[in-house]
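Now for the letters of each chain:
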Amino acid sequence: MDILQILLDLFTGYGYLAVFLVLLVCGFGVPIPEDITLVAGGIISGLGYTNVHWMFVVGMAGVLVGDGIMFFAGRFFGHRVLRFRPIAKVMTPARFEAVQEKFAKYGNWVLFVARFLPGLRTPIFLTAGLTRRIPYWRFLLMDGFAALISVPIWVYLGYLGASNHQWLMAMVHRGQAGILIVLGVLALVLTVVWWRKRRAAQQQSS
């Protein structure tokens, strides 16, 4: 049984609460695909178990609360959180160093991009809180802006494809590929901007 069917069985039985809790767990770095979770929430809405617009609200709440918990875990516990075994598996020393480099290179835009990068999402949000260089309102602004793009796409896609899973999964794969392409272009643009700023700063210092 694939993960989508497992989530559908769970969500049809427990509705909004199950969707919210699974999204919360996704925010903790548990390897459950967030996009498939949102799609499953949309599917049960399309099948009449829930209201799709409320499912969108629940989806937004689930991802933002989960992300916020990771941010505040880093903020309140500092480097001690890295010694917590479940966190240590996600935030290895090498990954922590890589995330810090990304913050130094791309700034706050790392928070926006993180929403679309499951493997780096939790380490980036933890680092954002741990370093204390980013206020929560800015974190919420960047993460919320990204969520307003990703959450409705997956929820309403699931709603529209509830009766045709084959078409739906094809669209999910296309959507994932499209997001990766957009992120690649955005990363290229940010790299060029960063390189130009660094070059201008070097010229001024010399």
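The model shown is predicted, which means the values in this text are computed figures rather than measured ones.

**Q** Talk me through the confidence of the model for the chain; I want residue IDs and the actual numbers.
**A** Mean pLDDT over the chain stands at 79; residues scoring 70 or higher make up 78%. Mean pLDDT per element in the chain: helix H9 (residues 165-205) is the minimum at 60, and helix H3 (residues 52-77) is the maximum at 92.

**Q** Summarise the environment of Leu17; cite the residues concerned and give the values.
**A** Note that Leu17 resides in helix H1 (residues 3-27). Assessed through its relative accessible area of 55%, Leu17 is described here as exposed. It is 8.4 Å that separates the C-alpha atoms of Leu17 and Val58, two residues lying 41 residues apart in sequence.

**Q** Quick rundown of the packing of aromatic side chains? Include the residues and the values.
**A** Within this structure, the stated rule accounts for 9 aromatic pairs. Ring geometry for Phe72 versus Phe76: centroids 5.6 Å apart, planes at 20°, classification stacked. Of the two residues, Phe72 and Phe76 are both situated in helix H3; the distance of 4 residues between them amounts to about one turn of the helix. Residue classification places Phe72 among the partly exposed residues on the basis of a relative accessible area of 28%.

**Q** Would you mind going over the side chain of Asp67 in detail, with residue names and values included?
**A** Within the secondary structure, Asp67 is located in helix H3. The exposure class of Asp67 is buried, given its relative accessible area of 0%. For Asp67, the side chain forms a polar contact with the side chain of Arg115, separated by 2.2 Å. Excluding residues that lie within four positions of it along the chain, Asp67 makes contacts with Gly27, Arg115, Arg121, Phe125, Phe139 and Asp143.

Rules and cut-offs
Residues numbered from 1 in each chain as written. Predicted model: local features only at pLDDT ≥ 70, side-chain atom pairs only at ≥ 80, totals over all residues. Heavy atoms only, no water. pLDDT = per-residue confidence, 0-100. Helix = DSSP H or I, 4+ residues; strand = E, 2+ residues; numbered from the N terminus. Buried < 20%, exposed > 50% of the residue type's maximum accessible area, 1.4 Å probe, protein only. Phe/Tyr/Trp six-rings, centres within 6.5 Å; stacked < 30°, edge-to-face > 60°. Polar contact = N/O pair within 3.5 Å; in protein donor to acceptor, adjacent residues only side chain to side chain. Contact = heavy atoms within 4.5 Å.

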